[in-house]
Amino acid sequence: MPKVNILTDKKIIEVKDGYPLIDMCEDHDTSILFGCRDGACGACMIKIIEGEQFVSPMQDNERDFLETMAAAPNERLACQCKVSGDITIEVSE
Ligand code: FES
């Protein structure tokens, strides 16, 4: 099972293959915050430190939003991400 290492929380959480990060955060107490849950508010912005290839590909709406925010290349919206392998993330500041 994929493991999500959340550096910000010093927590490693195992998830089912293809599991949405937003569901993982609802199942566990994490410091990743959510607002719109639809890729439109930026509350859930995270940095992928390792394992970018194990996060679901970015869709147009997420890409457009991150460009508007001038996000770093490794930043993603957690509400739009599913996990298929071991990743390491932290909450964006
Ligand atoms: S919760 Fe709003 S962009 Fe993810």
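Residues numbered from 1 in each chain as written. Predicted model: local features only at pLDDT ≥ 70, side-chain atom pairs only at ≥ 80, totals over all residues. Heavy atoms only, no water.

## Observations regarding the overall build of the chain
To be explicit about the condition: Strands are runs of DSSP state E lasting at least 2 residues, helices are runs of H or I lasting at least 4, and numbering of each runs from the N terminus. It is over C-alpha atoms that the radius of gyration is taken, and the globule rule equals 2.2 Å times the number of residues to the power 0.38. Classification of residues uses two cut-offs on accessible area relative to the type maximum, computed with a 1.4 Å probe and protein chains only: under 20% is buried, over 50% is exposed, and between them is partly exposed. By the convention used here, residues are in contact when the closest approach between their heavy atoms is within 4.5 Å. A 1.4 Å probe and the Shrake-Rupley method give the accessible areas. Residues count as covered only by the protein chains that appear here. Residues counted as positive are Lys and Arg, residues counted as negative are Asp and Glu, and His and the chain ends are not counted. Think of each charge as sitting on NZ of Lys, CZ of Arg, CG of Asp or CD of Glu.
Scanning the chain for helices and strands turns up 2 helices and 7 strands. Secondary structure elements in the chain, listed N-terminal to C-terminal, are β-β-β-α-β-α-β-β-β. Rg of the C-alpha trace for the chain: 12 Å, near the compact-globule value of 12 Å for 93 residues, within the 12% margin. Its C-alpha atoms put the chain at 35 × 25 × 20 Å along the principal axes. Here the chain, with 93 residues, has 41% of them falling under the buried criterion. Taking the intrachain contacts of the chain between residues at least 6 apart in sequence as the baseline, contacts between residues at least 24 apart amount to 62%. Element-wise, carbon and sulfur atoms account for 48% of the exposed surface of the chain, whose accessible area totals about 5,300 Å². Computing the positive centroid from 9 side-chain charges and the negative centroid from 18, the chain places the two 3 Å apart.

## A few points about the nonpolar core
Note the cut-off: To qualify as a nonpolar core, a set must consist of buried Ala, Val, Leu, Ile, Met, Phe, Trp, Tyr and Cys residues joined through side-chain atoms within 4.5 Å.
Among the nonpolar cores identified, the biggest contains 24 residues, and V4, L21, M24 and I89 are the most heavily contacted of them. If you list the elements that add at least two residues to this core, you get β1 (3-6), α1 (21-27), β4 (45-50), α2 (60-68) and β7 (87-91). When residues in this core are grouped by element, the largest group, 4 residues, is from α1. In contact with V4, other than residues within four places in its own chain, are K11, I12, I13, V15, L21, M24, V83, I87 and I89.

## Observations concerning the pairing of β7
Selection rule: The criterion for strand pairing is that DSSP finds at least two bridges linking the strands in question.
Strand direction decides the pairing type here: β1 and β7, joined by 3 bridges, are parallel. Paired with V4 across the strands is I87, a residue of β7. Of the pairings in the sheet, the one linking β4 to β7 comprises 4 bridges and is antiparallel in character. Bridging across to β7, K47 finds its partner in E90.

## What to know about the pattern of salt bridges
Heads up, the condition is: The working definition used for a salt bridge is a side-chain nitrogen of Lys or Arg within 4 Å of a carboxyl oxygen of Asp or Glu.
This structure, assessed with the given rule, holds 4 salt bridges. Here E14 makes a salt bridge to K3, at a shortest N to O gap of 3.8 Å. Note that E14 is positioned in strand β2 (residues 11-14) and K3 in strand β1, a separation of 11 residues in sequence. Looking at E14, the relative accessible area reads 43%, which means it is partly exposed. The partly exposed category is assigned to K3, whose relative accessible area is 35%. Of the charged contacts, one joins E62 and R76 as a salt bridge, the two residues approaching to 2.8 Å between their closest N and O atoms.

Interpretation in functional terms is not warranted from these geometric data alone.
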